[in-house]
Amino acid sequence: QVKLVESGGGSVQAGGSLRLSCAVYGYTYSNPCMGWFRQGPGKEREGVASLNSDGNTRYADSVKGRFTISQDNAETTLYLQMNSLKPEDTAMYYCATGPGSACVQPLDVAGYNVWGRGTQVTVSS
């Protein structure tokens, strides 16, 4: 049974950087779709970045040019490098995985079925 555990969140001033990690334990899909999502207070959960088994990435318009999704060669850890952080990036960040079909619409919550518990990112001005 797969388990996802996020880490790396914290508090940072606007313009700073953070690197989130998502450790993957146990078996997962053979050709998984991996994603990072976030949810701020009073807001819906939204897709931030995704990575499919072919190495293709997708980013929300709000983070393009600032965030980078990647994974290690063993596919045991998923990363989200966040640069030039803004106060509006403040949210609980979740990693998630699903079957390859989830990456047909890679930033949609509905396609993912395994979720971590989240790590908090707070950006102050």
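Keep in mind it's a predicted model, so treat the numbers as computed, not measured. (Residues numbered from 1 in each chain as written. Predicted model: local features only at pLDDT ≥ 70, side-chain atom pairs only at ≥ 80, totals over all residues. Heavy atoms only, no water.)

Right, let's get into the nonpolar core. The tendency in soluble globular proteins is for nonpolar side chains to be buried side by side. One finds Trp36, Leu80, Met82 and Tyr93 to be the most contacted residues of the largest nonpolar core, which totals 27 residues. Elements with a contribution of two residues or more to this core: strand 3 (18-25), strand 4 (33-39), strand 5 (46-51), strand 7 (67-71), strand 8 (77-82), strand 9 (91-98) and strand 11 (119-124). The dominant element in this core, judged by the number of residues it contributes, is strand 3, at 4 residues. Non-local contacts of Leu80, meaning those with residues more than four positions away in its chain, are made with Leu18, Arg19, Leu20, Trp36, Val48, Ala49, Phe67, Thr68, Ile69 and Tyr93. (Core = buried A, V, L, I, M, F, W, Y, C linked by side-chain atoms within 4.5 Å. Buried < 20%, exposed > 50% of the residue type's maximum accessible area, 1.4 Å probe, protein only. Helix = DSSP H or I, 4+ residues; strand = E, 2+ residues; numbered from the N terminus. Contact = heavy atoms within 4.5 Å.)

Bringing the state of the cysteines into the picture now. Tallied over the full model, the rule gives 2 disulfides. Sulfur-sulfur distance for the disulfide between Cys22 and Cys95 comes to 2.0 Å. Residues Cys22 and Cys95 are joined through a disulfide that is right-handed, its torsion about the S-S bond being 55°. With a gap of 73 residues between them, Cys22 in strand 3 and Cys95 in strand 9 connect regions that are remote in the sequence. According to the relative accessible area criterion, Cys22 is buried, its value standing at 0%. (Disulfide = S-S within 2.5 Å.)

For the rest of this paragraph, the subject is the pattern of salt bridges. Tallied over the entire structure, the rule returns 4 salt bridges. A salt bridge links Arg38 to Asp89; the nearest nitrogen and oxygen atoms lie 2.9 Å apart. In this pair, Arg38 is assigned in strand 4 and Asp89 in the loop between strand 8 and strand 9, connecting sequence segments 51 residues apart. You can call Arg38 buried: its relative accessible area is 6%. Between Lys64 and Asp61 there is a salt bridge, and its shortest N-O distance comes to 3.0 Å. For Asp61, a relative accessible area of 64% gives the class exposed. One connected set of salt bridges, linked through shared partners, spans Arg38, Glu46, Arg66 and Asp89. (Salt bridge = Lys/Arg side-chain N within 4 Å of Asp/Glu carboxyl O.)

For Gly40, the position within the fold is in the loop between strand 4 and strand 5. For Gly40, a relative accessible area of 11% corresponds to the buried category. Put simply, Gly40 and Gly111 are 71 residues apart on the chain and 20 Å apart in space, counted from C-alpha to C-alpha. Among all residues touching Gly40, those that are not within four sequence positions of it are Thr90 and Ala91.

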